[in-house]
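# Observations on the three-dimensional arrangement
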Amino acid sequence: MVGSRGEQQETLTQVAEKAGAVAEGRCGPLGVLGIGVPLVRSTSAEVGKAGLPGHQVGSSVRPPSAAGPRDPLHSLAVCPRGPFVAGYFYQEGLLELDPIAYRPVRAVSLQGGSIVLPSLHSLPGVNASQICEDPNRATLWTFDTAGHRIHHTTAKVHLLQLNMFLWQYLAPFLLITVQLCKAFPIQRCEKFTDLGLHHAIVGTSTRVRLLLYTRHNDSCGTLLSHTNLIEHPQFNLSKPTTFIVHGFRPSGSPPAWLEDITKWLLARADINVVIVDWNKGAANLNYLKAVENTYKVAENITAFIKMMQDHGASPSLIHMIGVSLGAHISGFVGANLNSTIGRITALDPAGPIFTDKPPKDRLDPTDAQFVDALHTDIDALGFREPLGHVDFYANGGADQPGCPKTLFSGGSYFKCDHQRSVMLFMDTINDTSPSQAFPCSTYADFLDGRCMSCDRFGDAGCPVFGYDVIRWKDVLIQQNQTKYYFNTNSESPFSMTNYRVDVMIWNQNMLWGYMDIKLHNGTNEAVATIDHKATKFSKNAETTLLAMFNREIQSVKMVSLKYYAGAACHSKSKLRILRIRITPLDRKERPLCRYDVILENKQEVKVRPIPCEETQS
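The present account deals with the structure reproduced in this document. (Residues numbered from 1 in each chain as written. Predicted model: local features only at pLDDT ≥ 70, side-chain atom pairs only at ≥ 80, totals over all residues. Heavy atoms only, no water.)

### Re the sheet that holds strand S26 (residues 592-600)
The strand order across the open sheet formed by 5 strands is S23-S20-S25-S26-S28, and the pairing between neighbours is antiparallel. Either end of the sheet is taken by a strand with one partner, and the two such strands are strand S23 (543-549) and strand S28 (610-611). (Pairing = 2+ DSSP bridges. Helix = DSSP H or I, 4+ residues; strand = E, 2+ residues; numbered from the N terminus.)

Pasting the structure below:
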């Protein structure tokens, strides 16, 4: 069927543009690819748009033929059985790919008959139904040298014998294709081992997999070889490397936080992040068996880091973040490497079995150049006593805000406090909401406001918990093991803002009570509730309180005060404040004061503060 030239050129252009969608090839199921292998010739500008597999658009390589060079490409065929462009024509006939089985390629002569060729291509998907008229048959368009469509037909596939004459021309291209696939293999994304409860019931033998993530690919893990680092050129050993070591996995499922902590660490710094996947070994209902496996995991990581050292890596650039049992694994690795590791961060180190163990059988400060630990569940799954250069106790180290308080909450009752350690640390990685912590002998003293001095740290102030505590490394390692306390919100952002509040009253009688304080800046407000115990207010004696606000407020314009009587007999009493002074502890600012305020029981009073007239005594 013959049509006008413009009409037929448009038809060919449409077909060529759609066929061009598969021009970008990559290794398929057979590992065979036709990237940039020119098998056909096209001198027609319109036909040259085809971009067929194995054909670079606009190339001028002539077709393989015993008769030598031939005329330009005359025909184009596509096979619609599946989402593939299946073949291409030259003067003598068609080279066609079976799209279902990815084999074979056949050559179909325009004079009739066909011959079978070995498989050369597996092609990426394209919606062939948009190209072909018949979804069950191969469709053939034939064009003259001017680009007019002169014939349109369909034909079923027939497989015949191999034509060795054509094969001798095609075999070199197959070898080139194989070499291209070897040089540019498809990257496989390795995932953390996902097991089920049945694995934990039966028990799993220890197997350690190391998954590498970098800024180049923060969501696609590379399984590292334990014997040959040359296989991983993306593992740049001149950069710092952070190992993340999980803990006990009684359910067998991957930790929910792994993906986020990996991406956040890479967003913060250009480093290598290595996930230590020992789920086979940690997934076990028998906790004692998982503890036993920690030593095997530590030996495996130790051998790997030694191999890194052999390739020029510095152990001082290694940071190990260990969760629960992973904290002690990190300690074992550090001890094996003679304390040369730069830093170990222990997130609620496991307590059961390890409590009362000597330092050689658990994490301790000698395992790395700097060891920082966070405690969030010291009354159940965590380790109670200090075991680092600095030990942080969030909310006293137990009963985290927002976590269930009764067994009716199910499994979260047992694991929420323990897992909160990871959430708190992750919140510090982005450096937007640091939590300042205060050295103190007990949590009660901290809440009573007896530990608000940071003079020992000079201008740097008290250390902040989390990722950036490394800035206080030099001063912290010179001190004896000390407990540092801070409180948090029940959800992210977890950090609170700390103020010292000094209250002087002129009541004749001593009063006991609680206090709520709010700070306003005209847009937002921050709230602090001081109710851990009833506070004593005495005439001519200054009462000092620690007020921890749920958020930071800049440029305070108004202050709200509410007093709660601590005893029923004082419910009618009024707290007559001679002066209240509010001093920020997290930053250096002039304190704010207010004078002559009378507070009735449970009645909120809003006042406008002014800069204090005198310095704090």
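### Remarks on the sheet that holds strand S19 (residues 483-486)
Strands sit in the order S9-S8-S11-S10-S12-S13-S14-S15-S19-S17 across an open sheet of 10 strands; the sheet is mixed. A single partner strand is all that each edge strand has here, and the edge strands are strand S9 (217-223) and strand S17 (438-439). For strand S12 (residues 318-323) and strand S13 (residues 343-347), the ladder comprises 5 bridges, and the chain directions are parallel. Residue Met-320 lies in a different strand from S13, and its bridge partner there is Ile-344. With respect to the sheet, helix H7 (residues 325-336) is in contact with strand S10 (241-245), strand S11 (272-278), S12 and S13, its orientation differing from that of S12 by roughly 145°. Lying over the sheet, helix H8 (residues 412-429) contacts S12, S13, strand S14 (371-375) and strand S15 (390-394), oriented at roughly 130° with respect to S13. (Contact = heavy atoms within 4.5 Å. Axes fitted to C-alpha atoms, helices over the stretch in contact; angles between N-to-C directions.)

### Some remarks on the pairing of strand S22 (residues 525-537)
Examined bridge by bridge, strand S21 (residues 511-520) and S22 share 9 bridges and lie antiparallel to one another. Looking across to S22, one finds that Leu-511 is bridged to Phe-537. Between the antiparallel neighbours S21 and S22 lie 4 residues, among them Gly-522 with a positive phi of about 100°.

### Re the packing of aromatic side chains
Across all of its chains, the model carries 17 aromatic pairs by this definition. Aromatic side chains Phe-457 and Tyr-484 sit 6.3 Å apart centroid to centroid with 55° between the ring planes, which places their arrangement in the tilted category. On the criterion of sequence distance, the pair formed by Phe-457 in the loop between helix H9 (443-447) and strand S18 (464-465) and Tyr-484 in strand S19 is long-range, its members being 27 residues apart. Pair check on accessibility: Phe-457 and Tyr-484 agree, each one buried. When the ring of Tyr-499 is compared with that of Phe-549, the centres are 5.1 Å apart and the planes differ by 80°; the resulting orientation is edge-to-face. Linking Tyr-499 in strand S20 (residues 497-505) with Phe-549 in strand S23, this pair joins segments that are 50 residues apart in sequence. A relative accessible area of 0% means that Phe-549 is categorised as buried. Here the aromatic cluster, defined as three or more aromatic residues joined through ring pairs, consists of Phe-392, Phe-457, Phe-465, Tyr-484 and Phe-486. (Phe/Tyr/Trp six-rings, centres within 6.5 Å; stacked < 30°, edge-to-face > 60°. Buried < 20%, exposed > 50% of the residue type's maximum accessible area, 1.4 Å probe, protein only.)

### Topic: a nonpolar patch on the surface
A cluster of nonpolar side chains, Leu-197, Ile-201, Val-202 and Leu-285, forms an exposed patch at the surface whose accessible area comes to about 430 Å². Positionally, Val-202 belongs in helix H3 (residues 197-202). (Patch = residues over 30% accessible without salt bridge, like charges linked within 9 Å, V, L, I, M, F, W, Y side chains within 5 Å. Areas by Shrake-Rupley, 256 points an atom, 1.4 Å probe, with all protein chains shown as cover. Salt bridge = Lys/Arg side-chain N within 4 Å of Asp/Glu carboxyl O.)

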